[in-house]
Amino acid sequence: MTDIAERLAAAMVSASATASIGGDSDDLPHHDALTPAAVLIPVTDRPRPGVILTQRTDTLRHHAGQVAFPGGRLDPGEDAITAALREAEEEVALPPSAVRVIGASDRYRTGTGYSITPVVGVVPPDLPLVASEAEVAAVFEVPLDFLLDVANHRENSGIWQGRERRFYELLWEDRRIWGATAGIIVNLARRLRW
């Protein structure tokens, strides 16, 4: 196992020193009342590890243009790991056999009705990823240390469905990472404490 995989594995099994963010807001239904979904957090195995993210197409009905992890809802009979690997293969042509699964991070509830299980995996660097034209406008990598640095976790707010909503955002080059993706990143940073 590589150094990054060992460090991630050790951190994933230890208790988080800081409470995780439960979801987009505190008044959401319990996880069991939401549609189960999973995302893959693909960490690249390189001297300065990165995380592979996607920019969704502007033509999608939901979350158009947003930055996201590869992922989606669980199909019948799937667990979170199987779904995360399937979705990553469908969205960016990431072969499941190239992913060393480390484990699941803290679940995250969304105001759009999902209970998301983030699955952390280590992947070789510089894989020839191909964006699914129907869903993904771009595939890019952000340094893991940038994502985990709490100085980059900005709190913000906006009005959604007539109510003020608070959320985290990270600004990486010309991309805005916010909403559930940013919440999952903040939770991962709290768990890893790097």
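Residues numbered from 1 in each chain as written. Predicted model: local features only at pLDDT ≥ 70, side-chain atom pairs only at ≥ 80, totals over all residues. Heavy atoms only, no water.

**Looking at unusual backbone geometry**
Put simply, the rule is: Helix numbering and strand numbering both begin at the N terminus, where a helix is a DSSP run of H or I of at least 4 residues and a strand a DSSP run of E of at least 2. Think of it in three bands: residues with accessible area under 20% of the maximum for their type are buried, residues over 50% are exposed, and the middle band is partly exposed, with areas taken using a 1.4 Å probe on protein chains only.
With a phi angle near 60°, alanine 93 is a residue other than glycine that sits in the positive phi range. Mapped onto the fold, alanine 93 is located in the loop between α2 (80-92) and β5 (100-104). Of note in the backbone geometry, glutamate 173 takes a positive phi value of approximately 50° without being a glycine. You can call glutamate 173 exposed: its relative accessible area is 67%.

**With respect to the packing of aromatic side chains**
Selection rule: Between the rings of Phe, Tyr and Trp (Trp by its six-membered ring), a pair exists once the centres lie within 6.5 Å; its type follows the angle of the planes, with under 30 degrees stacked, over 60 edge-to-face, and the other angles tilted. The criterion for a charge sitting over a ring is simple: Lys NZ or Arg CZ within 6 Å of the ring centre, and within 35 degrees of the ring normal.
Under the criterion given, the structure shown has two aromatic pairs. Arginine 175 extends its terminal NZ or CZ atom over the ring of phenylalanine 140, reaching a point 4.0 Å from the ring centre.

**Description of α2**
Turn by turn, an α-helix covers 3.6 residues, leaving residues three or four places apart pointing in a common direction. Put simply, the rule reads: For a helix, the expected span equals 1.5 Å multiplied by the number of residues minus one. Residue contacts follow a heavy-atom distance rule, with two residues in contact if any of their heavy atoms lie within 4.5 Å. Two N or O atoms form a polar contact when they lie within 3.5 Å of each other; inside protein one atom must be a possible hydrogen donor and the other a possible acceptor, and for residues adjacent in sequence the pair counts only when both atoms belong to side chains.
An ideal rise of 1.5 Å per residue puts 18 Å on 13 residues; α2 measures up with 18 Å between its terminal C-alpha atoms. The secondary structure elements touched by the buried residues of α2 are β1 (35-44), β2 (50-56), β4 (71-73), β5, β7 (114-123) and β8 (136-143). Between the side-chain oxygen at the start of α2 and the backbone nitrogen of isoleucine 81 there is a gap of 3.3 Å, and the oxygen is on aspartate 79. Two residues or fewer after α2 comes alanine 93, characterised by a positive phi angle close to 60°.

**With respect to the pattern of salt bridges**
Opposite charge on two side chains permits pairing when their charged atoms draw close. Operational definition: One side-chain nitrogen of Lys or Arg within 4 Å of one carboxyl oxygen of Asp or Glu is enough to make a salt bridge.
The full count for this structure, using the stated rule, is ten salt bridges. The partner of glutamate 78 in a salt bridge is arginine 86, with the nearest N and O atoms 2.6 Å apart. Owing to a relative accessible area of 18%, glutamate 78 belongs among the buried residues under this scheme. Here arginine 191 and aspartate 106 are joined by a salt bridge, their closest N and O atoms 3.0 Å apart. Remark: aspartate 106 occurs in the loop between β5 and β6 (108-109) and arginine 191 occurs in helix α4 (residues 179-192); sequence separation between them is 85 residues. Owing to a relative accessible area of 12%, arginine 191 belongs among the buried residues under this scheme. It is possible to trace a salt-bridge network through shared partners that takes in Asp75, Glu78, Arg86, Glu87 and Glu90.

**Side note on the pairing of β1**
Within a regular strand, the side chains alternate between the two sheet faces. Selection criterion: A pair of strands counts as paired when DSSP detects no fewer than two bridges linking them.
For β1, the tally of buried residues reaches eight of ten residues, placing the bulk of the element in the interior. Of the strand pairs in this sheet, β1 and β7 are connected by ten bridges, and their pairing is parallel. Looking across to β7, one finds that proline 42 is bridged to glycine 121. One ladder, built from three bridges, connects β1 with β4; its direction is antiparallel. Residue valine 39 lies in a different strand from β4, and its bridge partner there is glycine 71.

**Thoughts on the environment of isoleucine 177**
With respect to the helices and strands, the residue isoleucine 177 is situated in strand β11 (residues 175-178). Between the C-alpha atom of isoleucine 177 and that of histidine 153, which follows or precedes it by 24 residues, the distance is 9.8 Å. In contact with isoleucine 177, other than residues within four places in its own chain, are Leu53, Val67, Leu147, Tyr168, Glu169, Leu170, Trp172, Ala182 and Ile185.

**Notes on helix α1 (residues 3-13)**
Basically, it comes down to this: To be clear, the arc concerns the directions from the helix axis to the C-beta atoms.
Listed in full, the buried residues belonging to α1 are Ile4, Ala5, Leu8, Ala11 and Met12. Take α1 and look down its axis: the buried residues cluster within an arc of 135°, on one side only. Opposite its buried face, α1 presents the exposed residues Asp3 and Val13, each directed more than 90 degrees away. Buried residues belonging to α1 abut β1, β5, β7, α3 (144-148) and α4.

**What about the environment of glutamate 78?**
Checked against the element boundaries, glutamate 78 lands in the loop between β4 and α2. Distance from glutamate 78 to alanine 37, taken between C-alpha atoms, is 10.0 Å for residues 41 residues apart in sequence.

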